[in-house]
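Spelled out, the chains give:
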Amino acid sequence: MSHKHSNPESIKAHVREYYGRVAEKTLDNSCCGKSTASPCCGSSATSPCCSPIDRPCCGEEQGSQIYGTTELADVPDGAVASSRGCGNPIALASLKEGEVVLDLGSGGGLDALLAAKRVGTQGFVYGLDMTDSMLELARRNAEQVGATNVAFLKGDIENIPLPDASVDVIISNCVINLAPNKGQTLREALRVLRPGGRLAVTDIVIDGGLEGLPVGEQQVRAALSWAGCIAGALTSDQYRQLLAEAGFEEINVEVLYRYSLTHLLPLPQTLAGLAPSALHDLVSRFTSSSITARRPATT
Ligand SMILES: C[S@@+](CC[C@H](N)C(=O)[O-])C[C@H]1O[C@@H](n2cnc3c(N)ncnc32)[C@H](O)[C@@H]1O
């Protein structure tokens, strides 16, 4: 692992503290206006809710296109305000009534609540997160909409607190890149899925790797933010390989959106001296991607 937080526990502590602050601001209502579709990413670079480097987690450019306004109509403002996803896993998951869903890194609960509407009262949704204030916010949001088919569990996505083969669908939005041990996370995902169950994830993925740039991969990763979802991102090939090694089949990793230079401003010092063409080449390799896969029916 090539990053200033070289120890997995220190990465997790950093991520927990970072997202704890995001949730607390929303709980306090002291930040993130109530009416904006994606207030955590405010339209201004000086938005107090997130520094520019955080934006890839927010998918600002996709804004309300991530979720249609109709889809967000019945969701509490606090769930939208604290949303830090980079895509819409609900659109990928083709959820059906009665299914059991697990959302890895459920944050303020937006995707879990949208999933709960889709699976109905015959179905059930678990949101899993390791950050206390995110869990508090998600539970408050669920209560606000009277959702009874959802529960938010405290835990680590590398060690999922659910029994084997207990879930039909796993969703996740911009979280797996944050896990220090992604192979373990994907093995855990396979374990809790029922045979034939599916994974529908959106995440930051480095399309084509970080080779052939004027600065080495280690330096690039060290310069970028882990909590902002970019320094820990897998390449598309690594994602496919780890999914296959975990036992998944029908693996598909597809670019939804490429990031641009504004997402990295102000530039970390290591990257500031790069020629504009090299910078463009680097930044456009960072993508919001969809990742789908299935647990084989026979395992
Ligand atoms: C970028 S936010 C995304 C939240 C949510 N999925 C969304 O779309 O708004 C990352 C969330 O994942 C949680 N998280 C990060 N690493 C985790 C881990 N190892 N185990 C459990 N939760 C984790 C954080 O606490 C945070 O709530």
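Let us look at the structure shown here. As the structure is a computational prediction, the values presented were derived from the model and not from experiment. (Residues numbered from 1 in each chain as written. Predicted model: local features only at pLDDT ≥ 70, side-chain atom pairs only at ≥ 80, totals over all residues.)

1. With respect to the overall build of the protein chain
Part 1: Within the protein chain, the secondary structure is distributed over twelve helices and eight strands.
Part 2: Long-range contacts, defined here as pairs at least 24 residues apart, represent 78% of the contacts in the protein chain between residues at least 6 apart. (Helix = DSSP H or I, 4+ residues; strand = E, 2+ residues; numbered from the N terminus. Contact = placed C-beta atoms within 7 Å.)

2. Some points on the nonpolar core
Part 1: Val-101, Leu-113, Ala-115, Val-125, Ile-170 and Ile-171 are the most contacted members of the largest nonpolar core, which has 77 residues in total.
Part 2: Contacts of Ile-170, omitting those with residues within four sequence positions, involve Leu-102, Leu-104, Ala-189, Leu-193 and Leu-199. (Core = buried A, V, L, I, M, F, W, Y, C linked by C-beta atoms within 7 Å. Buried ≥ 20, exposed ≤ 12 C-beta atoms within 10 Å, placed from the backbone.)

3. Things to note about the site of the ligand
Part 1: The ligand sits among 26 residues. The nearest are Gly-85, Gly-105, Gly-107, Thr-131 and Asn-173.
Part 2: Broken down by secondary-structure element, the contributors of at least two residues to the shell around the ligand are helix 1 (8-28), helix 6 (110-119) and strand 2 (124-129).
Part 3: At three residues, helix 1 tops the list of elements feeding residues into the shell around the ligand.
Part 4: Here the shell around the ligand is composed, by residue class, of 13 nonpolar, seven polar and six charged. (Near = placed C-beta within 6 Å. Nonpolar A, V, L, I, M, F, W, Y, C, P; charged D, E, K, R; others polar.)

4. Structural notes on helix 1
Part 1: Look at helix 1: 30 Å from first C-alpha to last across 21 residues, which is about the 30 Å you get at 1.5 Å a residue.
Part 2: Listed in full, the buried residues belonging to helix 1 are Ile-11, Val-15, Tyr-19, Val-22, Ala-23, Lys-25 and Thr-26. Along the axis of helix 1, the buried residues cluster in a sector spanning 160°; they form a single face. Counted as exposed and oriented over 90 degrees from the buried face of helix 1: Glu-9, Ala-13, Glu-17 and Asp-28.
Part 3: Against the buried residues of helix 1 lie helix 4 (77-81) and helix 7 (132-144). (Expected span 1.5 Å × (residues − 1). Arc of directions from axis to C-beta.)

5. Some points on unusual backbone geometry
Part 1: The backbone of Ala-165 sits at a positive phi, close to 50°, despite the residue not being glycine.
Part 2: Phi is positive for Glu-250, which is not a glycine, with a value near 50°.
Part 3: With respect to the helices and strands, Glu-250 occurs in strand 7 (residues 249-258).
Part 4: For Glu-250, a count of 12 C-beta atoms within 10 Å corresponds to the exposed category.

6. Regarding the packing of helix 8 (residues 182-192) against helix 10 (residues 236-246)
Axis angle and axis distance: for two packed helices, these are the angle between their axes and the distance between the axes, and together they describe the pair.
Part 1: At their nearest, the axes of helix 8 and helix 10 sit 9 Å apart, and the two run at 45° to each other. Classified by the angle their axes make, helix 8 and helix 10 are oblique. Helix 10 is crossed by helix 8, and the crossing has right-handed handedness. Here Lys-182, Gly-183, Leu-186, Arg-187 and Leu-190 of helix 8 lie close against helix 10, whose contacting residues are Leu-242, Leu-243, Glu-245 and Ala-246.
Part 2: Its residues assigned to classes, the contact of helix 8 with helix 10 comprises five nonpolar, one polar and three charged. (Axes fitted to C-alpha atoms, helices over the stretch in contact; angles between N-to-C directions. Parallel < 35°, antiparallel > 145°, perpendicular 65-115°, else oblique. Left-handed = near helix turned anticlockwise from the far one by under 90°.)

7. Remarks on the packing of helix 1 against helix 7
Part 1: One can describe the packing of helix 1 onto helix 7 by two numbers: an axis separation of 7 Å at closest approach and a directional angle of 35°. For helix 1 against helix 7, the interelement crossing comes out left-handed. Of the residues in helix 7, those touching helix 1 at Tyr-19, Gly-20, Ala-23, Glu-24, Thr-26 and Leu-27 are Ser-133, Met-134, Glu-136 and Leu-137.

8. Structural notes on the environment of Val-169
Part 1: Structurally, the position occupied by Val-169 is in strand 4 (residues 167-173).
Part 2: Note on Val-169: 26 C-beta atoms within 10 Å, which makes it buried.
Part 3: Separated by 44 residues in the primary sequence, Val-169 and Val-125 place their C-alpha atoms 9.5 Å from one another.
Part 4: Leave out the neighbours within four places in its chain, and Val-169 touches Ala-93, Leu-95, Glu-99, Val-101, Gly-197, Arg-198 and Ala-200.

9. A word on the pairing of strand 1 (residues 100-104)
Part 1: The buried fraction of strand 1 amounts to four of the five residues, a majority that puts the element mostly inside the structure.
Part 2: As paired strands, strand 1 and strand 2 are joined by five bridges and run parallel to one another. Across the sheet, residue Leu-104 finds its bridge partner in strand 2, namely Leu-128.
Part 3: On the question of chirality, the crossover connecting strand 1 to the parallel strand 2 by way of helix 6 is right-handed. (Pairing = 2+ DSSP bridges. Right-handed = clockwise from strand over helix to strand, strands pointing away.)

10. Quick look at the environment of Tyr-126
Part 1: Considering the arrangement of structural elements, one finds Tyr-126 in strand 2.
Part 2: Residue Tyr-126 is classed as buried on the basis of its 24 C-beta neighbours within 10 Å.
Part 3: Here the alpha-carbon distance between Tyr-126 and Val-100, two residues 26 residues apart in the chain, equals 7.9 Å.

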